[in-house]
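# Observations on the three-dimensional arrangement
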Amino acid sequence: MANRLCCFNLLRTKSNQSLPIDSPFMISSSLPSSVSGGGFGKGSIDLGGLEVLQVSTFTKIWSAGGDVGGASFFFPSSIPTGFYALGAYAQPNKNRFFGRVLVARDIAGDGGANALAAPEDFTLIWSSSDGGYFWLPVAPSGYHPVGYIVTKSPEKPSPESLRCVRDDFTDQCEEGEVELWSSDNNGGISIHELVPTVRGQGAPGLPLGTFIARKAGGSSGGGGPSPVRCLKNKNFSLSAAMPDLSQINAIIKAHAPVIYFHPDEAYLPSSVNWFFDNGALLYSNADPTNPARIDSGGANLPQGGSNDGAYWLDLPAGEDKERVKKGELSTAKAYVHVKQMLGGTATDFVFWLFYPFNGPGRLKLGVLTIGLGKIGEHVGDWEHVTLRVSNFDGELRKIYFSEHSRGEWLDSPELEFDGEEGNKPVAYASLYGHAFYPRAGLVLQGSEELGIGIRNDARKGKKKMDAGERFEIVAAEHLPAAAEVVAPAWVDYMREWGPKVSYDVGDELEKVESSLPEKWRQTVRKLVNGLPPELFGEEGPTGPKVKASWEGDEP
């Protein structure tokens, strides 16, 4: 990408131990140079008087532990003239190095207070017995620290080592869900990624790649709520650094996931049009005995409103029902929602897959696998994988795998890649339930220790789908109308894509329990009753635009 500071200049501390983090990670194939253009991919972004530049050159300051449970701490180096560091970077040792942080310079030139200011002092918040010291900058009035400094010396850092940021360029933040590192040494500390508290398409807060250090007992350097903040984009708009349509298409073709289906999967995805063309029906409370065939593009579906239960979709009646349940992989498309995230510094590519039918659940009970009858079955199933791409350089940073009621973010070094150039991340769709996982294997919803739970089996079968070969962009709100991204009518269908279940969950559970030894029955009932409602499918599922993540961040 143009102007990208991508050369790896990590200065390692002397050690006889070689760790994964000591090697840089790079995706095998980079995007074509033509992808860069406009404000996208140029390496820096103007936040409205504060220019931030992404750098990937670091000095390694201190390392704790080995590759299991350990972490290393870095400070940006080779910073361009006029820019200042804002804080240190941390990463677990178990992954290859993938560090990126923002540095900044004041470009307001309006005669007001400077956007950046040197700290007045530093507060030592924690130190390790083997030489790591964590310092919180003490900001002048009207400014906030947005990162920490880590040293190997008990001497205070120089005030010139970094800058604090003026209040109006900062936003409230919180610790990310994944813990980067923790230690019980010297009273204890935990390190988390720093993320904006409010995240979504309209939120101006952005992370800069630093972390939050929280001492045991909940404090993080001041005995109260964290004083460390994220940045805020005051120049927030829907187009400043976002990719245009040609860039969007290039990124999708380069990095769209390859989805593998389990060898035993009976219920495959299809296109929405195929589902409609093969007899899918629209029901309404007003006349529930007289359903309507649905137009191929969904033009006769009710538009907008809310999920009020007035309408629902169902499989065709008669002999076509069982055939349509199985889907038609040859027609399946990835429906892509492109959205602005993290104050306009990132673009999310949400790949939605539609399945006409979700299969039954399966219970693992020790060495036994027991079918749950109809429990888990429902008509209409929407699942998704989200790719997060940096607007600074067009780089794939992380992926979210939706897994029933929740999911997980993984950074690029943690992913499995596929494709001729090794640049396409892999996602595994679980058997019958279609949740996405980053690795083949068994994931239990229950007790791993006891070996009891609902099975989510992911394996690499012969059937797969490259989401970059058949896709349709259904929304990209930042693009001008001239880009001609027109959402199909079904996107604005806000009601249910399947009927309420037509079976009694309690009866189905009793059938399962009757085949089990008495000692297992109460355990199984307690387990099943504690599962998320969507696994039972008691209510028909809703489409992509109804999900909270359409406007917000992933849960």
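Notes on the structure follow. Computed from a prediction, not measured in an experiment: that's the story for all the values here. (Residues numbered from 1 in each chain as written. Predicted model: local features only at pLDDT ≥ 70, side-chain atom pairs only at ≥ 80, totals over all residues. Heavy atoms only, no water.)

### Comments concerning the overall build of the protein
Within the protein one finds 6 helices and 36 strands. Radius of gyration (C-alpha) of the protein: 26 Å, near the 24 Å computed for a compact globule of 555 residues. Looking at the protein as a whole, 57% of its 555 residues are labelled buried. Residue pairs in contact within the protein that sit at least 24 positions apart in sequence constitute 69% of those at least 6 positions apart. Working note: accessible area of the protein is about 22700 Å², and carbon and sulfur atoms make up 48% of it. (Helix = DSSP H or I, 4+ residues; strand = E, 2+ residues; numbered from the N terminus. Rg over C-alpha atoms; globule rule 2.2 N^0.38 Å. Buried < 20%, exposed > 50% of the residue type's maximum accessible area, 1.4 Å probe, protein only. Contact = heavy atoms within 4.5 Å. Areas by Shrake-Rupley, 256 points an atom, 1.4 Å probe, with all protein chains shown as cover.)

### Some remarks on helix α1 (residues 245-255)
Of all the residues in α1, the buried ones are Gln247, Ile248, Ile251, Ile252, Ala254 and His255. The inward-facing, buried residues of α1 abut β23 (334-341), β24 (346-358), β27 (378-390), β28 (396-403), β31 (424-429) and β36 (471-476).

### Points about the packing of aromatic side chains
Scanning the entire structure with this criterion turns up 35 aromatic pairs. Ring geometry for Phe58 and Phe97: centres 5.5 Å apart, planes at 70°, overall edge-to-face. Remark: Phe97 occurs in the loop between β5 (89-92) and β6 (101-106) and Phe58 occurs in strand β3 (residues 58-64); sequence separation between them is 39 residues. Phe58 gets classed as buried once you look at its relative accessible area, which sits at 0%. Where Phe354 meets Trp497, the ring centres are 5.4 Å apart and the plane angle is 55°; that geometry is what we call tilted. Of the two residues, Phe354 sits in strand β24 while Trp497 sits in the loop between β36 and α4 (505-514), which places them 143 residues apart along the sequence. Look at Trp497 and you get buried, because its relative accessible area is 0%. Among the aromatic residues, those joined into a cluster by ring pairs are Phe275, Phe276, Tyr335, Trp352, Phe354, Trp382, Trp490, Tyr493 and Trp497. Positioned over the ring face of Phe98 is Arg397, at 4.0 Å from the centre of the ring. The ring of Tyr260 has Lys460 sitting right over it, with the charged end atom 4.7 Å from the ring centre. (Phe/Tyr/Trp six-rings, centres within 6.5 Å; stacked < 30°, edge-to-face > 60°. Lys NZ or Arg CZ within 6 Å of the ring centre and 35° of its normal.)

### Quick notes on the pattern of salt bridges
Counted by the stated rule, this structure contains 26 salt bridges. A salt bridge links Lys398 to Glu193, with the shortest nitrogen-to-oxygen separation between them at 3.6 Å. Of this pair, Lys398 sits in strand β28 while Glu193 sits in strand β15 (residues 189-196), and the two are 205 residues apart along the sequence. Overall, the relative accessible area of 13% leaves Lys398 in the buried class. Overall, Glu193 belongs to the partly exposed group, its relative accessible area being 32%. Here Arg388 makes a salt bridge to Asp553, at a shortest N to O gap of 3.0 Å. Here Asp553 lies in the segment after α6 (533-536) and Arg388 lies in strand β27, a separation of 165 residues in the sequence. The two residues Arg388 and Asp553 agree in class, both being buried. Among the charged side chains, a network of salt bridges with common partners joins Glu174, Arg199, Asp348, Arg388 and Asp553. (Salt bridge = Lys/Arg side-chain N within 4 Å of Asp/Glu carboxyl O.)

### Focus: the sheet that holds strand β14 (residues 173-183)
Read across the open sheet, the 3 strands follow the order β14-β15-β17; overall the sheet is antiparallel. With partners counted over all chains shown, the strands left at the sheet margins are β14 and β17 (211-215), one partner each. Between one strand axis and the next, the sheet turns through 35° on average, direction left out of account. One ladder, built from 7 bridges, connects β14 with β15; its direction is antiparallel. Its bridge partner lying in β15, Glu175 is registered against Leu194. (Pairing = 2+ DSSP bridges. Axes fitted to C-alpha atoms, helices over the stretch in contact; angles between N-to-C directions.)

### A few points about the side chain of Ser44
Note on placement: Ser44 falls in strand β1 (residues 44-46). A distance of 3.0 Å separates a polar atom in the side chain of Ser44 from a polar atom in the side chain of Glu51. (Polar contact = N/O pair within 3.5 Å; in protein donor to acceptor, adjacent residues only side chain to side chain.)

### Topic: the sheet that holds strand β33 (residues 441-447)
Read across the sheet, 4 strands follow the order β26-β25-β34-β33 without closing on themselves; strand pairing throughout is antiparallel. Of all strands in the sheet, those bounded by a partner on one side alone are β26 (368-371) and β33. Each strand axis lies, on average, 35° off the axis of its neighbour in the sheet, ignoring direction. As paired elements, β33 and strand β34 (residues 452-458) share 7 bridges and run antiparallel to each other. Paired with Leu444 across the two strands is Arg455, which belongs to β34.

### A closer look at the environment of Asp320
Residue position: Asp320 is located in helix α3 (residues 320-325). A relative accessible area of 30% means that Asp320 is categorised as partly exposed. Each C-alpha atom of the pair Asp320 and Asn278 lies 7.8 Å from the other, and the pair is 42 residues apart in sequence.

### Considerations on α4
Taken as a whole, α4 has its buried residues at Val505, Glu508, Leu509, Val512 and Glu513. Projected onto a plane normal to the axis of α4, the buried residues spread over an arc of 140° and lie on a single side. Along α4, exposed side chains directed more than 90 degrees from the buried face belong to Lys511 and Ser514. (Arc of directions from axis to C-beta.)

### Section: the pairing of strand β8 (residues 121-127)
Remember that side chains alternate between the two faces of the sheet whenever the strand is regular. Of the strand pairs in this sheet, β8 and strand β9 (residues 133-138) are connected by 6 bridges, and their pairing is antiparallel. Looking at the pairing, Asp121 lines up with Val138 of β9. Between β8 and β9, which follow one another and run antiparallel, lie 5 residues, and Gly131 among them has a positive phi close to 105°.

### A word on the side chain of Asp314
Relative to the helices and strands, Asp314 resides in strand β22 (residues 311-314). For the buried Asp314, which has no salt bridge, the nearest side chain bearing the opposite charge is Lys321, at an N-O separation of 5.7 Å. In this structure Asp314 touches Phe275, Ala280, Leu281, Tyr283, Val379 and Pro499, once residues within four positions along its chain are discounted. (Lys, Arg positive; Asp, Glu negative; His and termini not counted.)

### Things to note about the environment of Phe134
Relative to the helices and strands, Phe134 resides in strand β9. Residue Phe134 is classed as buried on the basis of its relative accessible area, which comes to 0%. Taking C-alpha positions, Phe134 is 50 Å from Tyr355, a pair spaced 221 residues apart along the chain.

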